Amino acid sequence: MSIVLNYLKLQENHKNIFKLFSEVENFIFGINKLKIDQNIFICGMPRSGTTFFTHLINSSDEFSSFKYKDLPFYTIPIFWKYFSGIFYGNKRKIHRLHGDNLLIDKFSPDSFEELIWKNYLPDYSDKGYWQYLDKDHLGNIDKTLEFFMKKIIYINKKNKYLSKNNNNIFRIKYILSKFPNSKIILILRNPIDTSISLSKVHKRFLKLHNLNNEFSDELKLLGHEEFGFNRKFFNLDNINTLNYNRSNNEIKKYINKCLELNSFIVKNYMEEIKKDKIIVADFDNLTKFNDIKLLLKKLNISNIKKVEEFFNKNFKKRDLYKLKRDYFENFLKDYRILQKYSLI
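Rules of the game
- Residues numbered from 1 in each chain as written.
- Predicted model: local features only at pLDDT ≥ 70, side-chain atom pairs only at ≥ 80, totals over all residues.
- Heavy atoms only, no water.
- Helix = DSSP H or I, 4+ residues; strand = E, 2+ residues; numbered from the N terminus.
- Rg over C-alpha atoms; globule rule 2.2 N^0.38 Å.
- Contact = heavy atoms within 4.5 Å.
- Phe/Tyr/Trp six-rings, centres within 6.5 Å; stacked < 30°, edge-to-face > 60°.
- Buried < 20%, exposed > 50% of the residue type's maximum accessible area, 1.4 Å probe, protein only.
- Salt bridge = Lys/Arg side-chain N within 4 Å of Asp/Glu carboxyl O.
- Patch = residues over 30% accessible without salt bridge, like charges linked within 9 Å, V, L, I, M, F, W, Y side chains within 5 Å.
- Areas by Shrake-Rupley, 256 points an atom, 1.4 Å probe, with all protein chains shown as cover.
- Pairing = 2+ DSSP bridges.
- Core = buried A, V, L, I, M, F, W, Y, C linked by side-chain atoms within 4.5 Å.

Details of the overall build of the chain
Looking only at helices and strands, the chain features 14 helices and 6 strands. Its C-alpha radius of gyration of 20 Å places the chain within 12% of the 20 Å reference for a compact globule of 344 residues. Each of the three principal axes of the chain carries a C-alpha extent, and together these read 60 × 45 × 45 Å. Once local pairs closer than 6 in sequence are excluded, the contacts in the chain between residues at least 24 apart make up 80%.

Encoded structure:
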């Protein structure tokens, strides 16, 4: 068993003990007294560009975010920071397993915030990661999440919080009601290319599972169920889908899910989009750094030079996959609606 997987299971099997340790951490470091000046939550369909945009904004060095170095002891990240340097050492940057040529190291941000939702949101396992949370949702997971956000701020010494979590697309109204100083960035990408990319990663992760099934166990514990052996499709019961649910073609399955999610967004979040509480960014329209300057201004990012350096080094415009797109156009009405509000 991998060390990370072993320690993740340890925390899951002894939740009450680590909850106590976490509360001790809160008390010792005065977490409740910390202030968060700004929250940015990035979400969208997996493989739509959310990771790239997260790394892009994080490159400004103005934000605190959950990073690889915060694993595996995410429940006590402040205590863990005194040991993580020894645990990870001076490892070089490596390519992500997704095959997208994005380089990561222990300081790279990722969607580890989902561990908080997964382990503290009641009925997460029964209702799925896609349960819709609106502003009237009962429960106090926002208090738990806020404590962890402040711990990350304490560690990174920056009072602005950056989150990348695609599953937050189902929790936007709840997040905005509990954290009103937040900006939601919704990353948009055309459903066809998104689905082809999803299918490729899914097949890639199945191969990795066959080589080592602990790989899939670790993904599941981290709350990543969008592809691979333990894949779980969200089920939003929207009608704007193709008749592909029983298809063996993975691309067609994912196209259905992209259409379903876009319908969900249009149905539930148009008011927030029109009021600029949700900022839409169309990844397909991104061709040069100037395309995102307005977005950076909206987010009050001042260290533009660092962001531009990251962009120039890491952005590569991808060609659209060759596919008969006219056939799908009638099903893209929700995607086209969202495109009109894109800041890019």
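Concerning the packing of aromatic side chains
A complete count under the given rule lists 31 aromatic pairs for this structure. With a centroid separation of 6.0 Å and an interplanar angle of 70°, the aromatic rings of Phe-53 and Phe-283 are classed as edge-to-face. One end of the pair, Phe-53, is in helix H3 (residues 50-58); the other, Phe-283, is in the loop between strand S6 (278-282) and helix H12 (293-298), with 230 residues separating them in the sequence. Taken individually, Phe-53 and Phe-283 each receive the classification buried, so the pair is uniform in this respect. Look at Trp-80 and Phe-87: their rings are 5.3 Å apart centre to centre, the planes differ by 70°, and that puts the pair in the edge-to-face class.

Some details on the pattern of salt bridges
Under the defined criterion, the tally for this structure stands at 20 salt bridges. The salt bridge partner of Glu-114 is Arg-171, with a shortest N-O separation of 2.9 Å. Pair noted here: Glu-114 is in helix H5 (residues 114-120) and Arg-171 is in the loop between strand S4 (160-164) and helix H8 (172-178), with a separation of 57 residues, a long-range link. Assigned by exposure class, Glu-114 and Arg-171 land together as buried. A salt bridge links Glu-146 to Lys-150, with the shortest nitrogen-to-oxygen separation between them at 3.6 Å. A residue pair is termed a helical-turn pair when its members lie 3 or 4 positions apart in one helix, as Glu-146 and Lys-150 do in helix H7 (residues 141-156) at 4 residues. Given a relative accessible area of 25%, Glu-146 falls into the partly exposed group. Ionic contacts of the salt-bridge type, sharing partners, join the residues Arg-47, Arg-96 and Asp-100 into one network.

Here we look at helix H10 (residues 214-222)
The set of residues buried in H10 consists of Phe-215, Ser-216, Leu-219, Leu-221 and Leu-222. Residues of H10 that are buried make contact with helix H1 (3-13), H5 and helix H9 (191-211). Count one or two residues on from H10 and you reach Gly-223, which has phi positive near 85°.

Examining a nonpolar patch on the surface
A grouping of Ile-17, Leu-20, Phe-21, Val-24, Phe-27 and Ile-28 is seen on the molecular surface, where their side chains present a nonpolar patch of about 600 Å² in accessible area. Tracing the sequence through the fold places Leu-20 in helix H2 (residues 15-28).

Looking at the pairing of S4
Where burial is concerned, most of S4 is hidden: 5 out of the 5 residues are buried. Taking every second residue as pointing to the same face, both faces of S4 are buried, with Lys-160, Leu-162 and Lys-164 on one and Tyr-161 and Ser-163 on the other. Bridging between strand S1 (residues 38-44) and S4 involves 5 bridges; their strand directions are parallel. The residue bridging Phe-41 from the neighbouring strand is Ser-163, located in S4.

What about the pairing of S6?
In terms of residue burial, S6 counts as a mostly covered element, since 5 of its 5 residues are buried. A two-sided burial pattern is seen for S6, the buried positions comprising Ile-278, Val-280 and Asp-282 on one face and Ile-279 and Ala-281 on the other. Of the pairings in the sheet, the one linking strand S5 (residues 182-188) to S6 comprises 5 bridges and is parallel in character. Residue pairing across strands places Ile-185 opposite Ile-279, the latter belonging to S6.

Notes on the nonpolar core
The biggest cluster of nonpolar side chains holds 63 residues, and the ones touching the most others in it are Trp-117, Phe-170, Leu-261 and Ile-265. Top contributing element to this core by residue count: helix H11 (residues 250-274), with 11 residues. By size, the runner-up hydrophobic cluster in this structure holds 25 residues, among which are Phe-52, Phe-53, Ile-292 and Leu-299.

Some remarks on the environment of Ile-251
By the secondary structure assignment, Ile-251 is in helix H11. Among the residues examined, Ile-251 registers a relative accessible area of 26% and is labelled partly exposed. Contact partners of Ile-251, with chain neighbours within four places excluded, come to Ser-195, Ile-196 and Ser-199.

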